[in-house]
Amino acid sequence: NCTAVIDTIPSATFTVTSRVAYVDVENGYVTTTSPTWNKQITVVVTSDNLERPITLRAINSYWTF
């Protein structure tokens, strides 16, 4: 969990929050506290200048063959 405030643009301040969690892909991609080979990163950007938060999600999986 990491949060940063970006204020390099004079007219807007953005708060960027990221979170990484284990994901159980066999049960509908729900987050879990148990370690898995799949992780989801969620990045949320908020600002008074945005109508609503911007949320980006990606899942990274480790596979061996």
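Overview of the structure.

## With respect to the overall build of the protein
What the protein contains, in helices and strands, is 0 helices and 5 strands. Ordering the α and β elements of the protein from the N terminus gives β-β-β-β-β. Taking 65 residues into account, the globule formula puts the C-alpha radius of gyration at 11 Å, and the protein, at 15 Å, lies well above it. Viewed in the frame of its principal axes, the protein has a C-alpha envelope of about 50 × 20 × 20 Å.

## Examining the pairing of strand E4 (residues 38–46)
As paired elements, strand E2 (residues 12–24) and E4 share 8 bridges and run antiparallel to each other. Counterpart to Thr17 in the pairing with E4 is Val44.

## Points about the side chain of Asn38
Along the polypeptide, Asn38 turns up in strand E4. In contact with Asn38, not counting residues within four places along its chain, are Ala21, Tyr22, Val23, Val25, Asn60 and Ser61.

Parameters and conventions
Residues numbered from 1 in each chain as written. Predicted model: local features only at pLDDT ≥ 70, side-chain atom pairs only at ≥ 80, totals over all residues. Heavy atoms only, no water. Helix = DSSP H or I, 4+ residues; strand = E, 2+ residues; numbered from the N terminus. Rg over C-alpha atoms; globule rule 2.2 N^0.38 Å. Pairing = 2+ DSSP bridges. Contact = heavy atoms within 4.5 Å.

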